[in-house]
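Residues per chain, in single letters:
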Amino acid sequence: MKTECCVNKENVDFVEDKLIPEDDIVDISELFKILGDPTRMRIVAALRIKELCVGDLAALMEISLSGVSHQLRLLKKSRIVKTRRDGKMIYYNLDDAHIESIIDIARLHIKD
């Protein structure tokens, strides 16, 4: 069965003019890909509550120190978390309030 489709050139041109730039689309997709992993999301959720070191996160997540470190490297590279050094200890916390806002909006969306 063949379906006919019309194209409203005005609509296409209007939307095309207002689209998010392709580079931004790719960056946003990467951000959601990083946050799409349950372990990383659990780490982010924990860091919303309090800054923690790798050992604290490993105990909380019940995974190895190297496993947590790997996830934190990815989160830091994506500017989702940042570090603070206190002597020999390195503490992780969320990079900025935008990350909390993204999580809050996502939670509102899944609750609707």
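Anything mentioned here points back to the structure above.
Residues numbered from 1 in each chain as written. Predicted model: local features only at pLDDT ≥ 70, side-chain atom pairs only at ≥ 80, totals over all residues. Heavy atoms only, no water.

I tried to follow the side chain of Gln-71 on my own but got confused; where do I start?
Looking at the element boundaries, Gln-71 is found in helix 5 (residues 65–77). Of note is the side chain of Gln-71, whose polar atom sits 2.8 Å from the side chain of Arg-40. Those residues in contact with Gln-71 that sit more than four places away from it in its chain are Asp-37, Thr-39, Arg-40 and Ile-43. (Helix = DSSP H or I, 4+ residues; strand = E, 2+ residues; numbered from the N terminus. Polar contact = N/O pair within 3.5 Å; in protein donor to acceptor, adjacent residues only side chain to side chain. Contact = heavy atoms within 4.5 Å.)

Hey, could you run me through the sheet that holds strand 2 (residues 81–86) in this one?
Either a parallel or an antiparallel arrangement is found when strands of a sheet pair, and the pairing is made through backbone hydrogen bonds. If you trace the 3 strands from one edge of the open sheet to the other, you get 1-3-2, paired in antiparallel fashion. One side of each edge strand has no neighbouring strand; the edge strands of this open sheet are strand 1 (52–53) and strand 2. Along the sheet face, helix 3 (residues 38–49) touches strand 1, strand 2 and strand 3 (89–94) and points at about 95° away from the line of strand 3. (Pairing = 2+ DSSP bridges. Axes fitted to C-alpha atoms, helices over the stretch in contact; angles between N-to-C directions.)

Whenever I open this one, helix 1 (residues 9–18) confuses me. Can you help?
The α-helix winds at 3.6 residues per turn, so residues separated by three or four positions along the chain end up facing the same way. For helix 1, the tally of buried residues reaches only 0 of 10 residues, placing the bulk of the element at the surface. The N-capping residue of helix 1, defined by a side-chain oxygen 3.0 Å from the backbone nitrogen of Glu-10, is Asn-8. (Buried < 20%, exposed > 50% of the residue type's maximum accessible area, 1.4 Å probe, protein only.)

Geometric values such as these leave the question of function open.
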